[in-house]
Amino acid sequence: ALDGGILYPRESMSREIKELNGLWSFRADFSRNRKLGFEKAWFKSPLAQTGPVIDMPVPASFNDITQEPRLRDFIGWVWYEREVLVPPRWVSDESLRIVLRVGSAHYYSVVWVNGEMVAEHEGGHLPFEADVSRVLRADPTVPCRITVAVNNTLTLQTLPPGTIQHMDDLTKYPANYIVQNTNFDFFNYAGIHRPVLLYTTPKAYIDDITVETSFADNIGLINYQVSVKGSQNPAVKVMLMDKDGHCVATANGSSGILKIVDVNLWWPYLMHVNPGYLYSLEVQLKAVNGSSQYEDFYTLPVGIRTVQVTKTQFLINNKPFYFHGVNKHEDSDVRGKGLDWPLIVKDFNLLKWLGANSFRTSHYPYAEEILQMCDRHGIVVIDECPGVGIKDIRSFGNASLAHHLVVMEELVRRDKNHASVVMWSVANEPASEMPPAGLYFKTLITHTKSLDSSRPVTFITDSNFDRDKGAPYVDVVCVNSYFSWYHDPGHLEVIPIQLNTQFENWYSKYQKPIIQSEYGADVVPGLHTDPPMMFTEEYQKIVLENYHRVFDQKRKEYVIGELIWNFADFMTAQTITRVVGNKKGIFSRQRQPKTGAFILRERYWKLANETG
Ligand code: GCB
């Protein structure tokens, strides 16, 4: 169990925010052991005093910002720093808490304020924060200096896992040559990827809110729970406002049930004329501690909907839901994995243009800002943790499992209140046929269900149906396959037979609904041949069409979704199978459509009309 909540920072009558995005000072520690920064305590004084610094934008990956290959491929600690003027009011008002929050930094972070360590966090895709009130008040005359050291090294115990290889043969490699190996197919972008900010709350404050929703006939139900910190005798009041600002339900107490008459349910995009309906849950806290009085306000958007899985269907609000969507990445030119609003909005416009109703956050948790967009637009999400590339038997060990459980706790804690999130994915393509995989996935999935009993749990498999040891524990079977690509390359005609067999094997063994969670083919945009050859637009087109014909038979039985690999081209490590990255996008990395995008667009709109 984690200590406390991690509510998304929002301004209110009692809360203020100061964003720290923009230019930070930056230095990568190129010293031999990569530890010079710690040995020389670079956090103790302004970074520019201990060596050269460069400008680094936050949020962004650092890798593609300069022309330096050695920074692009850097392994180890990088140092970020900036000074901020904290509003003097915040510092002088002792009734306030001042919190420093990092949306995410990949992979391991240590944070100092004015030379004092305030936070440490493992994991590259989830937020962390620290109460910095005391440090900031220690000497209000000095400007606040924030230092963040980030290490991108991946080991067998990290998530995702990786290994560091020391290339000691001096006849082949320069001295001290190390290589980061990974078992996943995307570039290990690193740095401060999401917004950094300071925010305030009163000393007695709303620490966490949990909602679970349901409905019966026209009555919507919100089961809410508010946890408060800094007060023994909190008085909590909640008010639910509809979209027009009318109060539709109220309650007193830190937990309870709200009843909403003539409820507007949260519906997926294209399933309803008014998808993504959100109420606002206004939470109000009043607390008295001795002679001090505190008031805190926090507003949580809430969509009311239910999710349920049967042997053959995925039900949202008791109606069959068919996933016609995509797998994505957080990835773009220059920014790498850094949060970028123009890109986010463009991607949502492309999703809607496509008629996509869903995506999977392959292969790690995406920014909260993206999930908020999904809530508002009715885009359904399979929320995946960074459990990708678990291939080495040592990554099934106890230390790895323990960390994996913590990551699921952090993920559920962050994303539990999103209506758009309908299922958790605990891993992508692990070596689930290995002996320890059975107990590993049983433990992991059971734990996830204990954290959130309202959502189904899955992981994504590419194992053989007969040897996979994790599938007994999932609610929905998610299968990736690349017929006529990784298997039988060039042989488009094998797809119908092999895909049919795939579905029948999995269904007859488990009697659980199936999602085709990946399929696709690389296309170098603009490459054409007829008859089709691999890497051309024509080849991707036929792969898609052949898969679709089988989906159309099986979706009448138990196939409940199809997610193309991938929404857009994305960067990978350099290998002989990747031409400047993975080219299985139906859009290029610059978000221009390939032929496949038009095929999917026609199909998804048709599916929306038939199934929605
Ligand atoms: C997969 C992986 C995905 C890869 C994709 C590919 O099975 O899940 O991360 O990018 O195949 O293109 O090889």
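Residues numbered from 1 in each chain as written. Predicted model: local features only at pLDDT ≥ 70, side-chain atom pairs only at ≥ 80, totals over all residues. Heavy atoms only, no water.

Asker: An account of helix α8 (residues 437-451) is requested, with residue identities and associated values reported.
Answerer: Given a rise of 1.5 Å per residue, 15 residues ought to cover 21 Å, and the 21 Å separating the end C-alpha atoms of α8 matches this to within 8%. Burial in α8 covers these residues: Ala437, Gly438, Tyr440, Phe441, Leu444, Ile445 and Thr448. All buried residues of α8 fall inside an arc of 165 degrees around its axis, so they share one side. Among the exposed residues of α8, those oriented more than 90 degrees off its buried face are Leu439 and Ser450. Contact partners of the buried residues in α8: α7 (398-415), β28 (421-428) and β29 (457-461). (Helix = DSSP H or I, 4+ residues; strand = E, 2+ residues; numbered from the N terminus. Expected span 1.5 Å × (residues − 1). Buried < 20%, exposed > 50% of the residue type's maximum accessible area, 1.4 Å probe, protein only. Arc of directions from axis to C-beta. Contact = heavy atoms within 4.5 Å.)

Asker: Describe the site of the ligand, and please don't skip the residues or the numbers.
Answerer: Around the ligand, 13 residues are found, and the nearest of them are Asp185, Glu429, Tyr486, Glu518 and Lys584. A distance of 2.6 Å separates an oxygen atom of the ligand from a polar atom in the side chain of Glu518. One nitrogen or oxygen atom from the side chain of Asn582 is found 2.8 Å from an oxygen atom belonging to the ligand. Summarising the interface, the protein chains cover 92% of the accessible area of the ligand, which totals 320 Å² for the free molecule. When grouped by side-chain class, the residues that make up the shell around the ligand number 4 nonpolar, 4 polar and 5 charged. (Near = heavy atom within 4 Å. Polar contact = N/O pair within 3.5 Å; in protein donor to acceptor, adjacent residues only side chain to side chain. Areas by Shrake-Rupley, 256 points an atom, 1.4 Å probe, with all protein chains shown as cover. Nonpolar A, V, L, I, M, F, W, Y, C, P; charged D, E, K, R; others polar.)

Asker: I'd like a description of the packing of α7 against α8, backed by residues and values.
Answerer: Relative to each other, α7 and α8 sit at 25 degrees, their axes nearing to 10 Å. Classed by the angle they form, the pair α7 and α8 counts as roughly parallel. In this structure, α7 crosses over α8, and the sense of that crossing is right-handed. Packed against α7, whose contacting residues are Ser400, Leu401, His404, Leu405, Met408, Glu409 and Val412, the element α8 presents Tyr440, Thr443, Leu444, His447, Thr448 and Leu451 at the interface. Classifying every residue of the contact of α7 with α8 by side-chain character gives 7 nonpolar, 5 polar and 1 charged. (Axes fitted to C-alpha atoms, helices over the stretch in contact; angles between N-to-C directions. Parallel < 35°, antiparallel > 145°, perpendicular 65-115°, else oblique. Left-handed = near helix turned anticlockwise from the far one by under 90°.)

Asker: Any chance you could break down the environment of Trp485 for me, citing the residues and the numbers?
Answerer: Mapped onto the elements, Trp485 comes out in the loop between β30 (477-480) and α9 (495-510). Taking the relative accessible area as the measure of exposure, Trp485 reaches 6% and is therefore buried. Each C-alpha atom of the pair Trp485 and Glu212 lies 42 Å from the other, and the pair is 273 residues apart in sequence. Not counting chain neighbours up to four residues away, the residues in contact with Trp485 comprise Gly520, Ala521, Asp522, Met534, Phe535, Tyr539 and Lys584. Of the polar contacts made by the side chain of Trp485, one reaches the side chain of Asp522; its length is 3.5 Å.

Asker: Can you break down the packing of aromatic side chains residue by residue, with the values?
Answerer: As enumerated under the stated definition, the model contains 39 aromatic pairs in all. When the ring of Phe314 is compared with that of Phe323, the centres are 5.0 Å apart and the planes differ by 75 degrees; the resulting orientation is edge-to-face. In this pair, the class of Phe314 matches that of Phe323, namely buried. Each ring, one from Tyr519 and one from Phe551, has its centre 5.2 Å from the other, and the planes form 85 degrees; the classification is edge-to-face. One end of the pair, Tyr519, is in the loop between β31 (514-518) and α10 (537-554); the other, Phe551, is in helix α10, with 32 residues separating them in the sequence. Here the aromatic cluster, defined as three or more aromatic residues joined through ring pairs, consists of Phe38, Trp42, Phe43, Trp77, Trp79, Tyr108 and Trp112. Its end group placed over the ring of Trp42, Arg27 keeps NZ or CZ at 4.4 Å from the ring centre. Note that Lys328 overlies the ring of Phe359, its terminal NZ or CZ placed 6.0 Å from the centroid. (Phe/Tyr/Trp six-rings, centres within 6.5 Å; stacked < 30°, edge-to-face > 60°. Lys NZ or Arg CZ within 6 Å of the ring centre and 35° of its normal.)

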